[in-house]
Amino acid sequence: MKQAKFSLTVSQMKFLEQAQAYGFKDKSQAVRVALDRLMREMKEQRLRESAMLYAETLDEDAETKEWLDDAAEGWPE
């Protein structure tokens, strides 16, 4: 695994010092779990924003909506 050096606030450092009390193997695992969660949340947010943009486009473009409705006929709900 690669290593990185970064700065933390006092409260963040206190949390990491207690990582094992929260069930983490060590400080590194706590940071990896936090970064994985942040990446997942950011991806989900981008997907939600994309879905909202598509929904807005469909609301504004009757021809596209009609085309998609026709294409969806026969698909299970």
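Residues numbered from 1 in each chain as written. Predicted model: local features only at pLDDT ≥ 70, side-chain atom pairs only at ≥ 80, totals over all residues. Heavy atoms only, no water.

Draft legend 1. Structural context of the overall build of the protein. Each helix and strand counted, the protein has three helices and zero strands in total. For the protein, the α and β elements follow one another from N to C terminus as α-α-α. Over its C-alpha atoms the protein spans a radius of gyration of 22 Å, topping by over 25% the 11 Å that the globule rule assigns to 77 residues. Summarising its shape, the C-alpha atoms of the protein cover approximately 60 × 25 × 25 Å along the three principal directions. (Helix = DSSP H or I, 4+ residues; strand = E, 2+ residues; numbered from the N terminus. Rg over C-alpha atoms; globule rule 2.2 N^0.38 Å.)

Draft legend 2. Summary view of helix H2 (residues 27-60). In this model, H2 (34 residues) spans 50 Å end to end at C-alpha, consistent with the 50 Å of a helix rising 1.5 Å per residue. At the N-terminal boundary of H2, the capping side chain belongs to Asp26, with an oxygen 3.2 Å from the backbone nitrogen of Ser28. (Expected span 1.5 Å × (residues − 1). Polar contact = N/O pair within 3.5 Å; in protein donor to acceptor, adjacent residues only side chain to side chain.)

Draft legend 3. View of the packing of helix H1 (residues 10-17) against H2. Two elements in contact, H1 and H2, have axes separated by 8 Å at closest approach and are oriented at 120°. Across the interface between the two elements, Met13, Leu16 and Glu17 of H1 pack against Lys27, Ala30 and Val31 of H2. A per-class count over the contact of H1 with H2 returns four nonpolar, no polar and two charged. (Axes fitted to C-alpha atoms, helices over the stretch in contact; angles between N-to-C directions. Contact = heavy atoms within 4.5 Å. Nonpolar A, V, L, I, M, F, W, Y, C, P; charged D, E, K, R; others polar.)

Draft legend 4. Geometry of a negative patch on the surface. On the surface, Glu56, Asp59, Glu60, Asp61, Glu63, Glu66, Asp70 and Glu73 cluster together to form a negatively charged patch. Listed by contribution, the elements that provide at least two residues to the negative patch are H2 and helix H3 (62-72). Of note, Glu63 is situated in helix H3. Residue Glu63 is classed as exposed on the basis of its relative accessible area of 66%. (Patch = residues over 30% accessible without salt bridge, like charges linked within 9 Å, V, L, I, M, F, W, Y side chains within 5 Å. Areas by Shrake-Rupley, 256 points an atom, 1.4 Å probe, with all protein chains shown as cover. Salt bridge = Lys/Arg side-chain N within 4 Å of Asp/Glu carboxyl O. Lys, Arg positive; Asp, Glu negative; His and termini not counted. Charge placed at Lys NZ, Arg CZ, Asp CG, Glu CD. Buried < 20%, exposed > 50% of the residue type's maximum accessible area, 1.4 Å probe, protein only.)

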